[in-house]
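# Structural description and commentary
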Amino acid sequence: AAAKAAQEAAAEKENKPVASAGGEKSAERRAQDAWKWVNGRGVLGDFTVFFHNDSGAVIELWHGGGSFTFRRAAGAQMKYCSALCSMQDEPAPFVPDAIEQLSKGEGKKVDADINAGDWGKTTVKEGRIALRAKVEVRDGDSVVELHLTPDGFVFVSAEPNKNLVVRSGELLIVPKKEVAGLLAA
């Protein structure tokens with residue numbers, strides 16, 4: 001009985017609301033409540049596509065590595081983001097059918113164990129969803145992380161001084177030491 005109670009307490013801790021990417025406490029909302037997802041296929045292969053219910057932000061995670069495309073809010077320009085957080089504008093999404101499906105309210109609730117190719121499986125920790133991908137960079141291997149938060153997402157790149165935060169439709173580039181504080185809040 002004590003072991004079961006400890007497991008339930010641990011499960012409750014894993015799903016509790018946390019500070020958003022901006023540091024504000026989000027007592028009502030967890031990332032699992034803010035995002036939906038579907039798998040899709042585009043010209044580069046398989047993708048897992050995430051859609052933020054409030055802002056219309058989109059993330060197209062390519063299953064082949066640590067890069068992705070995103071838009072910060074509904075109607076915003078699609079951008080490609082490399083593992084080093086180098087960005088460029090994209091003329092269109094890679095998986096437009098999936099984005100249309102999600103924007104119509106379809107899709108699945110984001111939870112643990114979603115298989116996202118080279119990004120691995122999603123994990124749920126303190127109200128946010130995390131994915132990790134191993135990537136090759138000039139200095140060897142590195143790990144990049146994507147964290148879905150109640151109000152956006154945080155991308156921890158392989159470049160320490162260039163990390164991406166999208167919060168309520170606003171895009172910020174911040175150093176890794178600042179990202180660590182945002183995720184620990």
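Above this note sits the structure.
Let us look at the structure shown here.

## A look at the sheet that holds strand 3 (residues 58–62)
- Taking strand neighbours across the sheet as the criterion, the seven strands line up as 6-5-4-3-2-1-7 in an open arrangement whose pairing is antiparallel. Where the open sheet ends on each side, the last strands, each with one partner, are strand 6 (87–89) and strand 7 (108–109).
- Pairing of strand 4 (residues 68–71) with strand 5 (residues 79–81), which is carried by three bridges, proceeds in the antiparallel orientation. Bridge pairing in strand 5 places Thr 69 opposite Tyr 80.

## What about the packing of aromatic side chains?
- Under the counting rule described, the total for this entry stands at seven aromatic pairs.
- Residues Phe 68 and Phe 153 carry aromatic rings whose centres are separated by 6.2 Å and whose planes lie at 80 degrees to one another, so their mutual orientation is edge-to-face. Residue Phe 68 is located in strand 4, and its partner Phe 153 is located in strand 11 (residues 152–156); the two are separated by 85 residues in the primary sequence. This pair shows no difference in class: Phe 68 is buried, exactly as Phe 153 is.
- Relative to Phe 155, the ring of Phe 68 lies with its centre 4.9 Å away and its plane at 70 degrees, an arrangement referred to as edge-to-face. Of this pair, Phe 68 sits in strand 4 while Phe 155 is found in strand 11, placing the two residues 87 residues apart along the sequence.
- With a relative accessible area of 2%, Phe 68 lands in the buried category.

## A few points about the side chain of Ser 82
- When you line up the elements, Ser 82 lands in the loop between strand 5 and strand 6.
- Overall, the relative accessible area of 14% leaves Ser 82 in the buried class.

## Describing helix 3 (residues 96–103)
- Of all the positions in helix 3, only Ala 98, Ile 99 and Leu 102 are classed as buried. Summarising the axial view, the buried residues of helix 3 lie within an arc of 100 degrees, below the 170-degree limit, and thus occupy one face.
- Structurally, helix 3 contributes buried residues whose contacts are with strand 1 (35–42), strand 2 (45–52), strand 3 and strand 4.
- Count one or two residues on from helix 3 and you reach Gly 105, which has phi positive near 95 degrees.

What counts as what
Throughout this description, residue numbers start from 1 for each chain and increase along the sequence as written. A pLDDT threshold of at least 70 governs which residues receive local features in this predicted model, and a stricter bar of 80 or more applies before side-chain atom pairs are shown or counted, although totals over entire chains, interfaces and linings include all residues. Think of the side-chain values as coming from all heavy atoms in the structure, minus any hydrogens and water. Whether two strands pair depends on DSSP finding at least two bridges between them. Numbering goes from the N terminus for both helices and strands, where a helix is a DSSP run of H or I of at least four residues and a strand is a run of E of at least two. Side-chain rings of Phe, Tyr and Trp (the six-membered ring for Trp) are treated as a pair once their centres are within 6.5 Å; stacked means planes under 30 degrees apart, edge-to-face means over 60, and tilted covers the remaining angles. Each residue's exposure class comes from its accessible area (1.4 Å probe, protein chains only) as a fraction of the maximum for that residue type: buried when under 20%, exposed when over 50%, partly exposed otherwise. To be clear, the arc concerns the directions from the helix axis to the C-beta atoms. Contacts between residues were defined by any pair of non-hydrogen atoms, one from each residue, lying within 4.5 Å.

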